[in-house]
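# A structural walkthrough
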Amino acid sequence: MQVEFVLLILSFLFFVSIFADKIGYKYGVPALLLFLAVGMFFGSHSMSSLFGMSGVEIDIETAQALSTLAMCIILFTGGMETKLSDIKSVLVPGITLATVGVLLTCMITGVLIYFIFGWINAVATVSIWLALLMAATMSSTDSASVFSVLRTNGIGLKHNLRPLLELESGANDPMAYVLTTTLIGVVINTHTIVGLTEEVTFLPIIQNIVIQLVMGTVLGFAFGQGLVLLMRRVKLGNESLYPIMILTACIFIFAITYYLQGNTYLAVYVAGLIIGNNKFTRKRQTRSFFNGLAWLSQLVMFLMLGLMVEPMELLNYQVWLPCLIISVVMICISRPLSVWICMLPFRQYHQRDKLMLSWVGLKGAVPIIFAIMCKAQGVPFADLIFNVVFLCTIVSLLAQGTTLTQMARKLHLDTQGEEERSLEHFDMDLPEEIQSSAREVEVTEAMLENGHTLRELTIPPRTLVIMVRRGEDFFVPTGVSELQSGDQLLVISDKDAQATYQHMMDDAEEDAMWRAEMKRKMHERFDRWTAWMRKKK
């Protein structure tokens, strides 16, 4: 196949996927699900069966190489975007969810998968280790998908749930990776068609997990600090090379950690966390560069998953039926049970918070990468694992991705209009040491009732209008500047401590109202039941 033809097809796929993202935002469908549909449509199996044409085909070695690079970029970006000041108050519960929660999810789901396949008499009778491996590939959550859905409707989360989810989503992938790679080795060494051929000792497995986690953390911290020092001291002639240098360092950290027997993904995440919370040259450009790369990586992963799927295999009820049951089990049993167990020591989280955390178990690019890893390493029944991951990802995106906003509103945990939004008409960021926030305000007719000059507007105290956009023109205003309806104002204001206190009071009041409402409903149901019992007597 000619290189030009491959590039033409790839560019067309990316264009279709990007516009599918726009459609998904409009109708509330998770964008990654649309990328998956585009990949399925143009896959070799779909094109040949529907149109008799040869579609796009990708080999497993290329898929594994691309997925490894994509995972590296996604985790590094997640670390850069996580602010230590935000997660400091949720550090212990976040790490608990990311480690113990992933382990519990894997164990609960694995045991249930073992019985589900045996009960349904599916295409294969899996061993307990293969069932645990299936569960491990899907044991982590992808909060990037969660926040993309919430941002679409301008919905934030109360009670510090957003930083908690950010920490969990970034830190749970390395734990899932350790479980997956460890179980791959166990399955390959002990699994045959009829069952187990030798006993498995748990002590080496536990030692391997601990060593990988400790080494990954230490190496990620050390290389992250070294990268910060390097970025502060090196002066490059071309400023565009700074993000490229950090990308090169990210890949280097991943590779060197592998040879030093550490957890590669944890090292990359910790390094991103260190560099994202320190000052260095061209930090803003670097963050924008990696945000684009992270979305490109997720897009590539879901396109790749769609291209590799064989639709005819999914039509077999012995495949889709157990997968559907596994999806329901993960959504309704495994994730909620692991969350409630992990949150027992943390009394500050109420029932509504735990319900929301339980529902945020959305699957993303990570299970795809682990499923490809299983196929590349020749795991028995790797195709079955791939199909399970595919169908469970679809169900998760449809069931949870499309209802996150409604769930947040139902539990009264949404902060409509208070979610931090990026500036659309002004390309600027404030330095981190400035404790102020920048936002855009559109001038309306109601705002101009008292006059059309800037000084006649009602502006809150400690707020400054520093720039006005009118059409395609920008100007710095003065007190006598004439404003028009439709003008965009760039406003900078101090963060108000009183507003923060008021939000805390509102949260406490809403939580008390919610508990009172639930208590009232329980009393009503008890009274109806008592009346029914009296009537029966």
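Fair warning: this is a prediction, and the values are worked out from it, not measured in the lab.

Right, let's talk about the overall build of the protein for a bit. Along the backbone of the protein there are 20 helices and four strands. Buried positions account for 47% of the 537 residues belonging to the protein. Looking at the protein alone, contacts between residues at least 24 apart form 80% of all its contacts between residues at least 6 apart. Of the accessible surface of the protein, which amounts to about 27500 Å², a share of 63% is contributed by carbon and sulfur atoms.

To continue, consider the pairing of strand β2 (residues 463-470). Bridge analysis of β2 against strand β3 (residues 473-475) gives three bridges, and the strand direction is antiparallel. Within the sheet, the bridge partner assigned to Arg-470 lies in β3 and is Asp-473. Hairpin connection, β2 to β3: the antiparallel pair is bridged by two residues, and Gly-471 has positive phi, about 70 degrees.

Before going further, it helps to examine the state of the cysteines. Per the stated rule, a full pass over the model turns up zero disulfides. You can see Cys-323 has no disulfide; the closest cysteine sulfur is in Cys-392, sitting 5.5 Å from it. For Cys-323, a relative accessible area of 0% gives the class buried.

What follows covers unusual backbone geometry. For Gln-261, which is not glycine, the phi torsion reads 65 degrees and is therefore positive. Positionally, Gln-261 belongs in the loop between α11 (241-259) and α12 (264-276). What makes Gln-261 exposed here is its relative accessible area of 55%. Its identity is not glycine, yet Phe-381 carries a phi of approximately 60 degrees, on the positive side. Of note, Phe-381 is situated in the loop between α17 (365-376) and α18 (382-401).

Turning our attention to helix α16 (residues 351-359). The element α16 is largely enclosed, with a buried count of seven among its nine residues. For α16, every residue scored as buried is listed here: Arg-352, Asp-353, Lys-354, Met-356, Leu-357, Ser-358 and Trp-359.

What follows is about α17. Counted at 1.5 Å a residue, the expected span for α17 with its 12 residues is 16 Å, and the 17 Å between its end C-alpha atoms agrees. In terms of residue burial, α17 counts as a mostly covered element, since 10 of its 12 residues are buried. When we look at burial in α17, the residues that qualify are Ala-365, Val-366, Pro-367, Ile-368, Ile-369, Phe-370, Ala-371, Ile-372, Met-373 and Cys-374. Buried-residue contacts for α17 involve α4 (60-81), α7 (128-137), α9 (161-190), α12, α13 (283-308) and α18. Phi turns positive one or two residues past the end of α17, at Gly-378, with a value near 70 degrees.

In this section: the packing of α7 against α9. Viewed as axis vectors pointing N to C, α7 and α9 meet at an angle of 155 degrees, and their least axial separation amounts to 9 Å. Judged by the inter-axis angle, α7 sits roughly antiparallel to α9. The crossing of α7 and α9 is left-handed. Of α9, the residues touching α7 (which contributes Trp-129, Leu-130, Leu-132, Leu-133, Ala-136 and Thr-137) are Ala-176, Leu-179, Thr-180, Leu-183, Ile-184, Val-186 and Val-187.

Before going further, it helps to spend a moment on a nonpolar patch on the surface. Residues Ile-206, Val-210, Val-214 and Val-218 make up a contiguous nonpolar surface patch of about 340 Å² in total accessible area. Considering the arrangement of structural elements, one finds Val-210 in helix α10 (residues 202-233). Judged by its relative accessible area of 46%, Val-210 falls in the partly exposed class.

Now for the side chain of Thr-180. Within the secondary structure layout, Thr-180 lies in helix α9. Among residues more than four places away in sequence, those in contact with Thr-180 are Leu-133, Ala-136, Thr-137 and Phe-370.

The rules behind the values
Residues numbered from 1 in each chain as written. Predicted model: local features only at pLDDT ≥ 70, side-chain atom pairs only at ≥ 80, totals over all residues. Heavy atoms only, no water. Helix = DSSP H or I, 4+ residues; strand = E, 2+ residues; numbered from the N terminus. Buried < 20%, exposed > 50% of the residue type's maximum accessible area, 1.4 Å probe, protein only. Contact = heavy atoms within 4.5 Å. Areas by Shrake-Rupley, 256 points an atom, 1.4 Å probe, with all protein chains shown as cover. Pairing = 2+ DSSP bridges. Disulfide = S-S within 2.5 Å. Expected span 1.5 Å × (residues − 1). Axes fitted to C-alpha atoms, helices over the stretch in contact; angles between N-to-C directions. Parallel < 35°, antiparallel > 145°, perpendicular 65-115°, else oblique. Left-handed = near helix turned anticlockwise from the far one by under 90°. Patch = residues over 30% accessible without salt bridge, like charges linked within 9 Å, V, L, I, M, F, W, Y side chains within 5 Å. Salt bridge = Lys/Arg side-chain N within 4 Å of Asp/Glu carboxyl O.

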